[in-house]
Amino acid sequence: MKKLVVKIHAELEVPDDWELVRHPSGIAVLKIGENFVDFDLAPLATTSDDPDAEWSDADAEIVGEVLDAVTGLDVDLDMISRH
């Protein structure tokens with residue numbers, strides 16, 4: 001068995017009223033209005049080798065197979081204020 005390490009770095013420009021808070025479960029999340037928002041791995045797949053292929057999570061079987069292979073996931077959220 002091999003191990004695949006996936007590193008995803010994303011930066012979002014968000015409205016000032018979005019807050020970084022600690023959810024009662026103990027994880028850091030975004031608070032947008034009454035909603036708590038966390039980030040997760042979302043595998044997308046296609047069967048097309050066309051350069052303009054559409055990618056989606058519609059194939060539940062392959063998406064489930066990839067998600068079942070995840071043995072660890074760590075999300076770090078940092079809010080940086082720019083004035």
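See the structure shown above.
Thresholds, definitions, all that
- Residues numbered from 1 in each chain as written.
- Predicted model: local features only at pLDDT ≥ 70, side-chain atom pairs only at ≥ 80, totals over all residues.
- Heavy atoms only, no water.
- Helix = DSSP H or I, 4+ residues; strand = E, 2+ residues; numbered from the N terminus.
- Rg over C-alpha atoms; globule rule 2.2 N^0.38 Å.
- Buried < 20%, exposed > 50% of the residue type's maximum accessible area, 1.4 Å probe, protein only.
- Contact = heavy atoms within 4.5 Å.
- Lys, Arg positive; Asp, Glu negative; His and termini not counted.
- Charge placed at Lys NZ, Arg CZ, Asp CG, Glu CD.
- Phe/Tyr/Trp six-rings, centres within 6.5 Å; stacked < 30°, edge-to-face > 60°.
- Lys NZ or Arg CZ within 6 Å of the ring centre and 35° of its normal.
- Pairing = 2+ DSSP bridges.
- Axes fitted to C-alpha atoms, helices over the stretch in contact; angles between N-to-C directions.
- Patch = residues over 30% accessible without salt bridge, like charges linked within 9 Å, V, L, I, M, F, W, Y side chains within 5 Å.
- Areas by Shrake-Rupley, 256 points an atom, 1.4 Å probe, with all protein chains shown as cover.
- Salt bridge = Lys/Arg side-chain N within 4 Å of Asp/Glu carboxyl O.
- Polar contact = N/O pair within 3.5 Å; in protein donor to acceptor, adjacent residues only side chain to side chain.

Help me get a handle on the overall build of the protein, residues and values and all.
Scanning the protein from N- to C-terminus turns up one helix and three strands. Moving toward the C terminus, one meets the helices and strands of the protein in the order β-β-β-α. By the compact-globule yardstick of 12 Å for 83 residues, the protein is too spread out, its C-alpha radius of gyration being 16 Å. In terms of overall dimensions, the protein has C-alpha extents of about 45 × 30 × 25 Å along its principal axes. Buried positions account for 7% of the 83 residues belonging to the protein. Sequence-distant contacts in the protein: of pairs separated by 6 or more residues, those separated by 24 or more amount to 35%. Both charge centroids of the protein, one from 6 positive and one from 20 negative side chains, sit 11 Å from each other.

Describe the packing of aromatic side chains, with residues and values.
The final tally for this structure, using the stated rule, is zero aromatic pairs. Across the ring face of phenylalanine 36, the terminal group of lysine 31 is positioned such that the distance to the ring centre comes to 5.1 Å.

Residue-level account of the pairing of strand 2 (residues 28-32), with values.
Note that strand 1 (residues 19-22) and strand 2 share four bridges and pair antiparallel. Its bridge partner lying in strand 2, glutamate 19 is registered against lysine 31. Remark: five residues form the turn of the hairpin made by strand 1 and strand 2, two consecutive strands paired antiparallel; glycine 26 in that turn has positive phi of roughly 105°. With three bridges joining them, strand 2 and strand 3 (residues 35-37) adopt antiparallel strand pairing. Following the sheet pairing, lysine 31 is matched in strand 3 by phenylalanine 36. Where strand 2 hands over to strand 3, the hairpin turn is made up of two residues, of which glycine 33 adopts a positive phi near 65°.

Go over the sheet that holds strand 2, please, and point to the residues and values.
The strand order across the open sheet formed by three strands is 1-2-3, and the pairing between neighbours is antiparallel. Where the open sheet ends on each side, the last strands, each with one partner, are strand 1 and strand 3. Across the sheet, the mean angle separating the axes of adjacent strands is 45° when strand polarity is ignored.

Which residues make up a nonpolar patch on the surface, and what values do they have?
A cluster of nonpolar side chains, namely Leu12, Phe39, Leu67, Val70, Leu73 and Val75, defines an oily patch on the protein surface of about 470 Å² accessible area. Along the polypeptide, valine 70 turns up in the segment after helix 1 (60-69). By relative accessible area, valine 70 is classed as partly exposed at 35%.

Run through the side chain of lysine 31, naming residues and quoting values.
Along the polypeptide, lysine 31 turns up in strand 2. Buried charged residue lysine 31 carries no salt bridge. Nearest counter-charge: glutamate 34, at 4.2 Å. For lysine 31, the side chain forms a polar contact with the main-chain oxygen of glycine 33, separated by 2.9 Å. Residue contacts for lysine 31: discarding those within four places in its chain leaves Asp17, Trp18, Glu19, Val21 and Phe36.

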